[in-house]
Each structure stands twice: as C-alpha cells, then as structure tokens.
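One letter stands for each residue in the lines below.
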Amino acid sequence: MANASLKEVFSDVILTVDPNTFKEPNQVKYLLTGCGNRVTGTLHYEVRGSFDEIEDLFVKMSSLDRYAAPNLRDSPLRHLQRPRSPSPVKPVAIVGAVWDFIQQRCSKELKRIQGEDVLIHKPRDKMEVTFQSHRKDSVRVHFARERFVTFYQRLATDLKVQTYSLDPQYYKSLQRQFPELLIEGGPSKDNITVTGRYMHIVMLEDFLRHGSSSPVTSQRPLTPQRVSPRASGTTRNKQSDDEEEESCPICLDTIKEDRKKTLACKHSFCRCCLEVAFKTKPVCPTCGAVYGELKGTQPKGGTMAVTQERSSLSGYDKYGTIVIQYHIPSGIQKEEHPNPGQTYRGASRTAYLPDSSEGRNVLALLKRAFDQRLTFTIGRSSTTGMENMVTWNDIHHKTSRSGGTSCYGYPDPDYLRRLQDELKVKGIY
C-alpha cells in the first residue's frame, strides 16, 4: 500500500513561488511557463498540477540560486511587507512498530523522502521524528515532512503485527523465506512477532497453515507474479501460447477463470482468497483501495458531542466555530488490542472546525470515522511515553483555536484538505 502512487491521495497540488526570492527571477518564470504548466499570478506565481508534476518542478527549482531571505527591494509592496522567519517544522508523532519497520524494510523510500539535504531523525527519548536541513532550507524541510506524513499514514494503515509460536530451529530460515517481513524474536524463543504489510502477513499465515512439516521447505516469492509459459517450461494449447497465466497475489497459484474476482481497481484474485482477506480487512491486498467499511480498534463506549459557537477561528473570520468533544472511558483491553486483559487509560479531547460549508462536510466525515472506530486506538502516548493509553489514530485534529500549525491550531489554510485526504485513505469520502 505504501508503494501506491501519491497522486491517488494528492490529485491536485498548488505550488506558490515568489520570484523575488531567487537571484534570477526571469529564469524562474521561464522554468515555470516553459514546461506547459498552468501558471497564474503576477507578484507570486501559482502552479497547479499533480503531485508528481509539482514534485518534479520543485526539484528543478531547488537547483536555482536563492537569497538567504526574501528580497523585497523590487516589490511594489515593499512598504507593507516584512521578511518573515521560516515557520518551525513541527515533529511528527510515530508508533514504534511502524518506525522500526520503516527503518529496516523501507530504507529506500525513507532516503528518497529525505533527499540529499534533509535529515529525518528520531530522538531516543521521544516517540516522534524531527526534520532538519543541512543548509537550513526550511522549504525543503517542510516539503520532506509532507512527503513523510503521506508515506507514514499509508504504510501505518496497511501494517499488521502478529505473534506466532514457532519451533526455534526454523527461525532463521523463515527470515530468509519472507525478507519483506520484519520478524523479531530469536532462536531461543518459541514466540516470534511479525510486522508487515497486510498482503504479506496473509501469505505467511497461509504458508504456515498449509506448508509441509517444515515451514520453510517451499521457496515462494512474496511479490505477485505473472508466470510466463516460456519461462516456466509449461505447455498449453496453441490458442493460449501468447498469453500469460495470472497468479493470485495472495496464494500465488494460477487463477482459474471460473474462480476469478477482479476488483474495481483492476486487481484480480482467487474468489475464495479474496473472501478470506476481506473478512479481516475490506481493502485490496495489492493497492489498498477500500471496499466497504473499515473497522478500527477504538474502544467501545465512547462519545462524540458537537456544539456551535459564534466566535471565529483564526483565518475563518466570517464563520463561527464547531466544537467537537470526544470522550473515551477507561476499560479493559480486548483481543483486538495490544495487551488483551490489561487496563487502559481513557481520554477526553476537544477539537475545532470552522462552521463553514466545508467544515460541516468534514464534520460529517469525522462522525463516520468515529462510528467506524477509526478516530482513536490504544497504544503508547507520544507526549508522555506511557503505554496502554487511548491515543489519536492518524486522523489529525486541531486541538487549539489559534497558534498556527506548530500549536496544532489555526490559521492553517490547507488543513481541511489534508484532513479529507487522511480520511480518504481510510475509505471515508
């Protein structure tokens, strides 16, 4: 799922460029207009395109020489403007299991997000990652953070952590058999903890259920494949010589036409395999497209109360304020939670939305997320470090009326759009 195209999440992106921050403004305009981009504005240029198009343009513009601070000498608004210090790049709260998987199994993706100038670092004593630029370029740092958040959220939605009993003699062989899974434990322990993408976990469980006496005798690939008859040496009738057999990404056997199920996203599976997969999670095992309703692990018994106030949020002066009050009581963890049978500490949270048409639409989406138990989960608090706590579940809320993004508040012009992107990943739109 993490490898799905980013344009599925960010279908339309706007890049705002101030040519006066570059030493050669004319070269900037030539670069923006010479590539067929949709450019508007006079003092500031706005370029609209897909995520991939804007990312490519950003990389090209990063090679141009810029002033250390905005150059406003030639701006007709120079008497009204003051150079602003770059806004601080706030850390991103993470879950330990997801971060360990990223470091050990997604190092290439992490390096691509960082680029050559940005360092993504996790302090030892905090469950968060920070972003720093070697050249103190705040634009690059903000861009890297946005890319990391998108990648992290998509990966976290698809990851699954399972514990299995395993004969110690098969530990190392199983690691070689399934290199894309993060297997933790050791030859001296009977239990192992496995972290991986949903599709790979399903393949592992199928292998352990139907494998021979040793769970490592069959060397099967983890990635979906199409098997060519010429490459495999199989023979078939002449009418199908030029066709390829399609294998099921779940069981890796050839899909029989009368038992084939093709989803709207164009990925095909054995019908029985897909039915079993959908019982656990109604998403495409290949790309993560959601079918039906996702159900989360938010503890039951919580409430979501909504009220309206006349006062405005910063940046939304024409509208009142929607106040959301969440309450999840303390209780005992169930089988779906990290430590079944142990107690967990509940939480009360307050969030804010502008009482505009878009804000009300987002409120309806948040209500669906809460009803599907996707808003909260049980885990480790990113602020206190305490375990068995009710925490946010990757649906970011504004918990302050003001203070900007660094204080989880307003103004934040792109917040409602980003929030809808996060909900869309979970099948709510």
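Everything numeric here is computed off the predicted structure, so don't read it as measured data.

Procedures and definitions
Residues numbered from 1 in each chain as written. Predicted model: local features only at pLDDT ≥ 70, side-chain atom pairs only at ≥ 80, totals over all residues. Heavy atoms only, no water. Helix = DSSP H or I, 4+ residues; strand = E, 2+ residues; numbered from the N terminus. Buried < 20%, exposed > 50% of the residue type's maximum accessible area, 1.4 Å probe, protein only. Contact = heavy atoms within 4.5 Å. Areas by Shrake-Rupley, 256 points an atom, 1.4 Å probe, with all protein chains shown as cover. Pairing = 2+ DSSP bridges. Axes fitted to C-alpha atoms, helices over the stretch in contact; angles between N-to-C directions. pLDDT = per-residue confidence, 0-100. Phe/Tyr/Trp six-rings, centres within 6.5 Å; stacked < 30°, edge-to-face > 60°. Parallel < 35°, antiparallel > 145°, perpendicular 65-115°, else oblique. Left-handed = near helix turned anticlockwise from the far one by under 90°.

Counting its regular elements, the chain contains 11 helices and 20 strands. When each of the 429 residues of the chain is scored for burial, the buried share is 44%. Look at the contacts in the chain between residues 6 or more apart in sequence, and 59% of them connect residues 24 or more apart. Of the roughly 24,300 Å² that the chain leaves accessible, carbon and sulfur atoms contribute 48%.

The three strands are arranged β14-β15-β18 in an open sheet whose pairing can be described as antiparallel. The sheet is open, and its two borders are formed by β14 (303-309) and β18 (347-354), each paired with just one other strand. Taken over all neighbouring pairs, the strand axes of this sheet differ in orientation by 20 degrees on average, direction set aside. Sheet analysis places strand β15 (residues 321-328) next to β18, joined by eight bridges and oriented antiparallel. The residue bridging His-327 from the neighbouring strand is Ser-348, located in β18. Along the sheet, helix α10 (residues 357-371) contacts β14, β15 and β18; its crossing angle with β15, the most-contacted strand, is approximately 10 degrees.

On to the environment of Gly-409, then. Checked against the element boundaries, Gly-409 lands in the loop between β20 (389-392) and α11 (415-425). Take Gly-409: its relative accessible area is 0%, and that puts it in the buried class. Along the primary structure Gly-409 and Ser-314 are separated by 95 residues, whereas in three dimensions their C-alpha atoms are 8.6 Å apart. When near neighbours in sequence (up to four residues on either side) are disregarded, Gly-409 contacts Lys-398, Ser-400, Ser-402 and Gly-404.

Here we take up the pairing of strand β9 (residues 191-197). Most of β9 sits inside the fold, with five of its seven residues counted as buried. Note: strand β7 (residues 159-165) against β9, seven bridges, orientation antiparallel. Within β9, the residue paired with Thr-163 across the bridge is Thr-193. As paired strands, strand β8 (residues 182-184) and β9 are joined by three bridges and run antiparallel to one another. The partner of Ile-183 across the bridge, within β9, is Val-194.

The subject of this paragraph is the confidence of the model for the chain. On average, residues of the chain score 77 in pLDDT, and 79% of them reach the 70 mark or higher. When the elements of the chain are averaged for pLDDT, strand β10 (residues 226-227) gives the smallest value, 32, and β15 the largest, 97. Across residues 1-9, where pLDDT falls below 50, the model places 24 contacts with residues more than four positions away in sequence or in other chains. Every residue in residues 69-85 scores below 50 in pLDDT, and together they form 15 contacts with partners more than four places removed in sequence or on other chains.

Take the packing of aromatic side chains next. Across all of its chains, the model carries 10 aromatic pairs by this definition. Ring plane angle 35 degrees and centroid distance 5.6 Å describe the contact between Tyr-326 and Phe-370, whose orientation is recorded as tilted. Of the two residues, Tyr-326 is situated in strand β15 and Phe-370 in helix α10; the sequence distance between them amounts to 44 residues. Like Phe-370, Tyr-326 is buried. Ring pairing ties together the aromatic residues Trp-99, Phe-131, Phe-148 and Tyr-152, which thus form one cluster.

Let us now look at the packing of α10 against α11. Interaxial distance between α10 and α11 falls to 11 Å at its minimum, and their mutual angle equals 30 degrees. Regarding the angle of α10 to α11, the classification is roughly parallel. For the pair α10 and α11, the crossing hand works out as left-handed. Across from Glu-358, Gly-359, Val-362, Leu-365, Leu-366 and Ala-369 in α10, the residues of α11 making contact are Leu-416, Arg-417, Leu-419, Gln-420 and Leu-423.

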